[in-house]
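Now for the letters of each chain:
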Amino acid sequence: MTNKNDAKIQELLQELTLEEKAGLCSGSDFWHTKAVERLHIPEVFMSDGPHGLRTQKGEGDHLGLNESIKAVCFPAACATAASYDTEMANELGKILGNECNAEGVDILLGPAVNMKRSPLCGRNFEYYSEDPYLAGKLASSYIQGVQSQGVGTSIKHFAANNQEYRRMSNSSNLSERTLHETYLPAFEIAIKEAAPKTVMCSYNQINGIFSADNKNLLTEILRDAWGYEGCVVTDWGAIHDRVQGIKAGTDIEMPGSAGINDAEIIAAVKDGSLDEADLNKVVERILHLILDKEQIEGVVDWNEDHKKAVEMEKESAVLLENNGVLPLQAQKKIAYIGEFAEKPRFQGGGSSHINAWCVTSALETAKEKNRQIAYEKGFSADNDIYEEEIAKRAVECAKNADAAVIFAGLPDAFESEGYDREHMHLPESQNRLIEEICSVQENVVVVLHNGSPVECPWADKVSAVLEMYLGGEGVGEAADALLWGEANPCGRLAETFPLKLEDTPCYLNFANDKFNTDYTEGVFIGYRYYDVKKMEVQWPFGHGLSYTTFRYDNLTLDKKVMHGQEKITVSVSVTNTGEHYGKEVVQLYVKDNTKTAVRPEKELKGFCKVALEAGETKTVTFVLDERSLSYYNESLKDWYAASGTYTVCIGHSSRRIALETELEYVTETELPFTVDMNTCLGDILAHPVTAAVFHEMMKNAGSHLASSDEVNDTDDLMMQSMMDSMPFRNFKTFVHIPTAAIQGIIDRMNEALKTAKSQ
Ligand code: BGC
């Protein structure tokens, strides 16, 4: 794409010295790139991200240790993903973009879209989902929101960075299909739709090559296949081999290495091991990043932004269970138990840690609203110590109330950037108190504050569970509104809550090897795994309750047969059949019935959040295309959907499908097929071209295999399958055809395949 700065940038490339060009390729300090004052090239200022500004004006760090400015802490991505609301993601982006403008930030380091391969990843709270489509769509809207304010984003961490354990060196080993189908699409969707100004490459290796050195990832996939024109920035310290990085497509090294790597670039150009043209390409992209920036003034009303944070959390919290105890009734005596009521956990630790503007607790909000509640701490929010005396008082308080609301969650130390969890338990002190309260009180509500799923051994004993996630600084106000029915819960899980850790898809291969992590579960993560294995889970992907109910009708496709690149429109009507205003998340899943490849039982390919008054009906539509039906085929090195039948499912959750209909797909794309000595007879006979040659040759040779009936219609299943899986070379052994003759047949078949393809 051409732009207004092209000519100027070409001139600058002529004027910049080699040293200045190398200097532009790394940061001057923790957050800035280098300016070239002589040529009026300004610096670029970056700041974390993703759910608020961690803008450091004093000493910088990438671990959330030193002070940053006070800023509104919005719900973390684990929460906002559960909103399934792309408009909200866009609004969050706009608000953050405006805050960046007010603080002089050029690039906001987010969104983080890595897949939740295991619930144990310490950084899951910053990531959206176990589903790449959902994560990609939310990230795309968020990026468009931030960038609409003239501020850049940095989608991260590219790619396959799914654990914290040894994240700076461990190699994520995965098949090409798994990479393309599971770990890249969230990036691909957001990059193609929203063109983030930068992409942050991850620390880890992929199949033994560091992301920052990875030409396949940063050039062949990102730029050549996806058409990305922006800059690749390293994660902080992710540079491996600076010169190889330039060749691979890594533009900016952050936070820089005090000139050491700049010197390596200079030396490599001088000794000819790096082509200056490769360096120029990098510098050209960096100059675009710097000079294309729009200057927009930002004026922030932090109190208004705080209110938005509260609203967003109301849209994100997920009501996991409710036997009718919620919403709470004003005239009842309610006990609030657990220190999270007073000190909510609202964000995670590490580089996304915000110096929050104003944190509000559920307890404080209840007091402000004059709710009739009694409070007992019961347990501490920051440790796992069961204290007899305070626990006893909590049980007594719960016993004397009409209902007990227990504010539970994970202490800060249980999950953070930098390390993974070792288990999925809540602190034992909390589990024990929940059980004790359940034995004296039949109306128990548990409100959870956590960044990723926890095991809930008491799930069947409590009356309601409200998942707040790490809900930002307004989590207390949002919990209050949801508990007391001032807002109707409308979040849906963006990840599965398994019953126990041992059930998780990568239980045997997660963060347990210093050097390598083998993604042996392949594309089967999250619900894709639990569904195909028909496993019971605690709460499925997409699940979430409301204070009202919804019904689906009239699932229709605008055509029943879809060809090649055509698109198809799916429509369904949804009715609020309850008595309250509420929002439903209509979910569309696609099942492949063609049996061409091993695939998940179904996959999310559309979602839409719809607001409905009581009794109201609306029609929602989705558009499906070839990609919606496809899997990544390694022999084609591309996405592929076979001709055949697919089922379109509309559901309230991945495990509550309400309506289904079938769709016929017809493609002319053929999978590559050539015959050799080891090709099995079954495959030869399954292809019309090779089958015809085979029968003709056999007939000429007078073989009893000439008639397809003899092979295909046998009653003897064993014989049939032996023949199907017999490699062609065995015609020597069993049919006594000489090698040269077999080779002759193979050549004929390959010729016929070529001719058929060219026609
Ligand atoms: C994190 C990034 C973050 C960067 C700067 C790194 O440790 O992985 O997500 O943006 O630090 O703080």
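All values derive from a computational prediction rather than experimental measurement.

Reading guide: rules and limits
- Residues numbered from 1 in each chain as written.
- Predicted model: local features only at pLDDT ≥ 70, side-chain atom pairs only at ≥ 80, totals over all residues.
- Heavy atoms only, no water.
- Helix = DSSP H or I, 4+ residues; strand = E, 2+ residues; numbered from the N terminus.
- Rg over C-alpha atoms; globule rule 2.2 N^0.38 Å.
- Buried < 20%, exposed > 50% of the residue type's maximum accessible area, 1.4 Å probe, protein only.
- Lys, Arg positive; Asp, Glu negative; His and termini not counted.
- Charge placed at Lys NZ, Arg CZ, Asp CG, Glu CD.
- Phe/Tyr/Trp six-rings, centres within 6.5 Å; stacked < 30°, edge-to-face > 60°.
- Lys NZ or Arg CZ within 6 Å of the ring centre and 35° of its normal.
- Axes fitted to C-alpha atoms, helices over the stretch in contact; angles between N-to-C directions.
- Parallel < 35°, antiparallel > 145°, perpendicular 65-115°, else oblique.
- Left-handed = near helix turned anticlockwise from the far one by under 90°.
- Contact = heavy atoms within 4.5 Å.
- Polar contact = N/O pair within 3.5 Å; in protein donor to acceptor, adjacent residues only side chain to side chain.
- Pairing = 2+ DSSP bridges.
- Near = heavy atom within 4 Å.
- Nonpolar A, V, L, I, M, F, W, Y, C, P; charged D, E, K, R; others polar.
- Expected span 1.5 Å × (residues − 1).
- Salt bridge = Lys/Arg side-chain N within 4 Å of Asp/Glu carboxyl O.

S.K.: Would you take a moment to explain the overall build of the chain for this structure?
M.R.: Across its full length, the chain holds 24 helices and 27 strands. Taken against the 2.2 N^0.38 rule, which gives 27 Å for 759 residues, the C-alpha radius of gyration of the chain at 29 Å falls within 12% of a compact globule. Counting only C-alpha atoms, the chain reaches 95 × 75 × 50 Å along its principal axes. The burial tally for the chain puts 61% of its 759 residues in the buried class. Of the charged side chains in the chain, 72 are positive and 117 negative, and the gap between their average positions amounts to 1 Å.

S.K.: Would you mind showing me how to read the packing of aromatic side chains here?
M.R.: Where two aromatic rings form a pair, the distance of their centres and the angle of their planes describe that pair. Tallied over the full model, the rule gives 21 aromatic pairs. Here a set of aromatic residues connected by ring pairs shows up, and it is made of Tyr-84, Tyr-133, Tyr-527, Phe-541, Tyr-589 and Phe-607. Just above the ring of Tyr-386 sits the side chain of Arg-432; from NZ or CZ to the centre is 3.6 Å. Taking NZ or CZ as reference, Lys-602 lies 5.8 Å from the ring centre of Tyr-589, over its face.

S.K.: Would you take a moment to explain the packing of helix H4 (residues 86–103) against helix H12 (residues 302–316) for this structure?
M.R.: For any two helices packed against each other, the geometry is given by the interaxial angle and the distance between the axes. Where H4 meets H12, the closest approach of the two axes is 11 Å, and the angle between their N-to-C directions is 155 degrees. The angle between the axes of H4 and H12 places the two elements in the roughly antiparallel class. Crossing of H4 against H12: the hand is left-handed. Residue-level inspection shows Met-88, Glu-91, Leu-92, Ile-95, Glu-99 and Glu-103 of H4 in contact with H12, the latter providing Trp-302, Asp-305, Lys-308, Met-312, Glu-315 and Ser-316.

S.K.: Can you help me understand the environment of Asp-131 in this one?
M.R.: Within the element layout of this structure, Asp-131 appears in the loop between strand S3 (107–109) and helix H5 (132–147). Residue classification places Asp-131 among the buried residues on the basis of a relative accessible area of 0%. Leaving out residues up to four positions away in the same chain, Asp-131 has contacts with Met-115, Tyr-527, Arg-528, Phe-541 and Leu-604. A polar contact is formed between the side chain of Asp-131 and the side chain of Arg-528, at a distance of 2.9 Å.

S.K.: Which parts of the structure should I look at to understand the pairing of strand S21 (residues 582–592)?
M.R.: Consecutive side chains of a regular strand alternate in pointing toward one face of the sheet and then the other. Of all eleven residues in S21, eleven are buried, a share of seventy percent or more. Here S21 shows two buried faces, one formed by Gly-582, Glu-584, Val-586, Leu-588, Val-590 and Asp-592 and the other by Lys-583, Val-585, Gln-587, Tyr-589 and Lys-591. Bridge count between S21 and strand S22 (residues 603–612): nine bridges; the pairing is antiparallel. Pairing of Tyr-589 across the sheet is with Leu-604, part of S22. As paired elements, S21 and strand S26 (residues 644–653) share six bridges and run antiparallel to each other. Considered in S26, the bridge of Lys-591 is made with Thr-647.

S.K.: Where do I start with the sheet that holds strand S5 (residues 171–173) in this structure?
M.R.: Consider a sheet: its strands pair through backbone hydrogen bonds, and that pairing is either parallel or antiparallel. Across the sheet, four strands lie side by side as S8-S7-S5-S17; this open sheet has mixed pairing. Edge positions in the sheet fall to strand S8 (209–210) and strand S17 (516–518), since each of these pairs with one other strand and no more. As paired elements, strand S7 (residues 205–206) and S8 share two bridges and run antiparallel to each other. Looking across to S8, one finds that Gln-205 is bridged to Phe-210.

S.K.: So what exactly am I meant to see when it comes to the site of the ligand here?
M.R.: Asp-48, Arg-123, Lys-156, His-157 and Asp-235 are the nearest of the 15 residues found near the ligand. In this structure, Asp-48 approaches the ligand through a side-chain N or O atom, which is 2.5 Å from an oxygen atom. Arg-123 places a polar side-chain atom, nitrogen or oxygen, 2.6 Å from an oxygen atom of the ligand. Grouping the amino acids of the shell around the ligand by side-chain chemistry returns five nonpolar, three polar and seven charged.

S.K.: Mind showing me how you'd approach H4 here?
M.R.: Over its 18 residues, H4 runs 26 Å from end to end, which matches the ideal 26 Å to within 8%, given 1.5 Å per residue. Of all 18 residues making up H4, 13 are buried, and the element is well covered by its neighbours. Sitting at the head of H4, Asp-85 places a side-chain oxygen 3.0 Å from the backbone nitrogen of Glu-87. Two residues or fewer after H4 comes Gly-104, characterised by a positive phi angle close to 75 degrees.

S.K.: What is the right way to read the environment of Ala-258 from this model?
M.R.: Among the secondary structure elements, Ala-258 is positioned in the loop between helix H9 (242–248) and helix H10 (260–270). Each C-alpha atom, one on Ala-258 and one on Tyr-507, is 41 Å from the other, the two residues being 249 residues apart in sequence.

S.K.: What should I look at first to understand the side chain of Arg-123 in this one?
M.R.: Position of Arg-123 relative to the elements: it lies in the loop between S3 and H5. We classify Arg-123 as buried; its relative accessible area is 1%. Here the side chain of Arg-123 touches Glu-126 through a polar contact of 2.7 Å, side chain to side chain. A distance of 3.2 Å separates polar atoms of two side chains, one belonging to Arg-123 and the other to His-157. Residue contacts for Arg-123: discarding those within four places in its chain leaves Lys-156, His-157, Glu-164, Arg-167, Ser-351, Ser-416 and Glu-417.

S.K.: For this particular structure, what's the right way to read the pattern of salt bridges?
M.R.: Think of it this way: side chains of opposite charge can pair up when their charged atoms draw near. Here the structure, examined in full by the defined rule, presents 53 salt bridges. With a shortest N-O distance of 3.3 Å, Glu-417 and Arg-123 are connected by a salt bridge. Of this pair, Glu-417 sits in the loop between strand S14 (403–409) and helix H15 (428–438) while Arg-123 sits in the loop between S3 and H5, and the two are 294 residues apart along the sequence. Given the relative accessible area of 8%, Glu-417 is considered buried. In this structure, the salt-bridge partner of Lys-192 is Glu-188, at a minimum N-O distance of 2.7 Å. Of this pair, Lys-192 and Glu-188 both sit in helix H7 (residues 185–194), four residues apart, which is roughly one turn of the helix. For Lys-192, a relative accessible area of 47% corresponds to the partly exposed category. Residue Glu-188 is classed as buried on the basis of its relative accessible area of 5%. Within this structure, Asp-531, Lys-591, Glu-601, Lys-602, Arg-655 and Glu-660 form a network of salt bridges that share partners.

S.K.: Explain the environment of Val-585 to me, please; I cannot follow it from the model alone.
M.R.: Tracing the sequence through the fold places Val-585 in strand S21. Judged by relative accessible area, which is 0%, Val-585 ranks as buried. Taking the C-alpha atoms as reference, Val-585 lies 7.0 Å from Tyr-84; in sequence the two are 501 residues apart. If we skip the residues at most four places from it in the chain, Val-585 touches Ser-83, Tyr-84, Cys-490, Arg-492, Tyr-552, Phe-607, Cys-608, Lys-609, Gly-651 and His-652.

S.K.: Is there a simple way to think about the side chain of Asn-124 in this case?
M.R.: Within the element layout of this structure, Asn-124 appears in the loop between S3 and H5. In this structure Asn-124 comes out as buried when scored by relative accessible area, which is 0%. Within the structure, the side chain of Asn-124 is placed 2.8 Å from the backbone oxygen of Ser-118, a separation counted as a polar contact.

S.K.: Got a minute to help me understand unusual backbone geometry in this structure?
M.R.: For residues besides glycine, phi is generally negative; the peptide bonds are generally trans as well. Cis geometry is found at the peptide bond from Gly-49 to Pro-50, where omega equals -10 degrees. Residue placement: Pro-50 occurs in the loop between strand S1 (46–48) and strand S2 (70–71). Cis geometry marks the peptide bond from Met-254 to Pro-255; its omega dihedral reads 0 degrees. Note that Pro-255 resides in the loop between H9 and H10.

S.K.: Even after reading the chapter, I still don't get the sheet that holds S14, so can you show me in this structure?
M.R.: A sheet is described by the order of its strands in space; here six strands give the open sequence S10-S16-S15-S14-S11-S13, paired in mixed fashion. Because the sheet does not close on itself, it has two edges, and the strands there are strand S10 (318–322) and strand S13 (373–376). Strand after strand, the sheet turns through a mean of 15 degrees between neighbouring axes, direction not considered. Looking at chain direction, S14 and strand S15 (residues 444–449) are connected through six bridges and run parallel.

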